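One letter stands for each residue in the lines below.
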Amino acid sequence: MASSKTGSRKPATRKPTARKALPPKPATKARLAEAAHKALVTPPQQAKEGATALDSLDKPVSPPQALAAGQEPSPVVVASAPVLNEPSLNKRELIDEAVLRSGVKKKDAKPVVEALLAILGETVASGRDLNLKPFGKLLLKRSEVRSNGTVHICRLRQPSEQPQSGQEIAEDADISS
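Residues numbered from 1 in each chain as written. Predicted model: local features only at pLDDT ≥ 70, side-chain atom pairs only at ≥ 80, totals over all residues. Heavy atoms only, no water.

**Section: helix α4 (residues 91-102)**
Over its 12 residues, α4 extends 16 Å from the first C-alpha to the last, a length consistent with the 16 Å expected when each residue adds 1.5 Å. Between a side-chain oxygen at the N-terminus of α4 and the backbone nitrogen of Arg92 the separation is 3.4 Å; the capping residue is Asn90. After α4 finishes, the residue Gly103 shows a positive phi value of roughly 85 degrees. (Helix = DSSP H or I, 4+ residues; strand = E, 2+ residues; numbered from the N terminus. Expected span 1.5 Å × (residues − 1). Polar contact = N/O pair within 3.5 Å; in protein donor to acceptor, adjacent residues only side chain to side chain.)

**Some points on the pairing of strand β2 (residues 136-146)**
Two strands pair when backbone bridges link them, and strand β1 (residues 130-132) and β2 are joined in this way by three bridges, in the antiparallel orientation. The residue bridging Asn131 from the neighbouring strand is Lys137, located in β2. In textbook terms, the turn of a hairpin is the stretch between consecutive antiparallel strands, and for β1 and β2 this stretch comprises three residues. In the sheet, β2 pairs with strand β3 (residues 149-157) via nine bridges, with the strands oriented antiparallel. Bridge pairing links Leu139 to Arg155 in β3. Between the end of β2 and the start of β3, which pair antiparallel, lie two residues. (Pairing = 2+ DSSP bridges.)

**Considering the sheet that holds β3**
Strands sit in the order β1-β2-β3 across an open sheet of three strands; the sheet is antiparallel. Each edge of the open sheet is held by one strand with a lone partner, namely β1 and β3. When strand polarity is set aside, the average angle formed by the axes of neighbouring strands in this sheet is 25 degrees. (Axes fitted to C-alpha atoms, helices over the stretch in contact; angles between N-to-C directions.)

**Thoughts on a nonpolar patch on the surface**
On the surface, Leu132, Phe135 and Leu156 cluster together to form a nonpolar patch covering roughly 240 Å² of accessible area. Tracing the backbone shows Leu132 in strand β1. Of the residues examined, Leu132 reaches a relative accessible area of 35% and is grouped as partly exposed. (Patch = residues over 30% accessible without salt bridge, like charges linked within 9 Å, V, L, I, M, F, W, Y side chains within 5 Å. Areas by Shrake-Rupley, 256 points an atom, 1.4 Å probe, with all protein chains shown as cover. Salt bridge = Lys/Arg side-chain N within 4 Å of Asp/Glu carboxyl O. Buried < 20%, exposed > 50% of the residue type's maximum accessible area, 1.4 Å probe, protein only.)

**What about the packing of α4 against helix α5 (residues 106-125)?**
Look at α4 against α5: their axes get within 9 Å of each other, and the N-to-C directions meet at 125 degrees. Put simply, α4 runs oblique to α5. Relative to α5, α4 is oriented so that their crossing is right-handed. Facing α4, whose interface residues are Lys91, Leu94, Ile95, Asp96, Ala98 and Val99, α5 presents Lys106, Ala109, Lys110, Val113, Glu114 and Leu117. Broken down by class, the residue content of the contact of α4 with α5 amounts to seven nonpolar, no polar and five charged. (Parallel < 35°, antiparallel > 145°, perpendicular 65-115°, else oblique. Left-handed = near helix turned anticlockwise from the far one by under 90°. Contact = heavy atoms within 4.5 Å. Nonpolar A, V, L, I, M, F, W, Y, C, P; charged D, E, K, R; others polar.)

**Some points on the pattern of salt bridges**
A full pass over the atoms with the stated rule returns five salt bridges. A salt bridge links Lys91 to Glu114, with the shortest nitrogen-to-oxygen separation between them at 3.4 Å. Here Lys91, found in helix α4, pairs with Glu114, found in helix α5; they are 23 residues apart in sequence, far enough to count as distant. Note on Lys91: relative accessible area 42%, which makes it partly exposed. Between Arg146 and Glu144 there is a salt bridge; the shortest N-O distance is 2.7 Å. On the basis of relative accessibility, which here comes to 47%, the residue Arg146 falls in the partly exposed class. You can call Glu144 partly exposed: its relative accessible area is 26%.

**Quick look at the confidence of the model for the protein**
Per-residue confidence for the protein averages 75 on the pLDDT scale, and 54% of its residues sit at or above 70. Long-range and interchain partners of residues 42-51, a stretch whose pLDDT sits below 50, account for six contacts in this model, where long-range means more than four residues apart. (pLDDT = per-residue confidence, 0-100.)

This is the structure we're talking about:
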């Protein structure tokens, strides 16, 4: 049977719908470093003295002293490091970042990232700890079963600095032998 329709079609008209505001796209390393630097900018008085916001964290803290009878304790102000509220990393952004860093095609990277996420999820669900060198060591403290799923309470310890190139070569030699 032959169709009487022609090859040209009109695009369907859609009603405009209200869309949710999407979070901003993930920032580049340069933008993140710049934002972190801006967050650490100190008031003008401290800037003149050459002090930074983190210098106040490095000062030694004296132990508490006993108070005389009837004496009120004085309040202590504790400075904390600023917390940047970045949107959480979703799977799409993770795949895009893996493509950028590895140089492979997106269609090749997507199944690998999805398989890796599945393996990590299954490992945590089974109660095993993770020890992945660049990521860190994830220790599973406890798990609670709830009506909508299982909540895993974990502790993640990440290394503070990257190993030197000589150390990497020595560790790779230990692994291969």
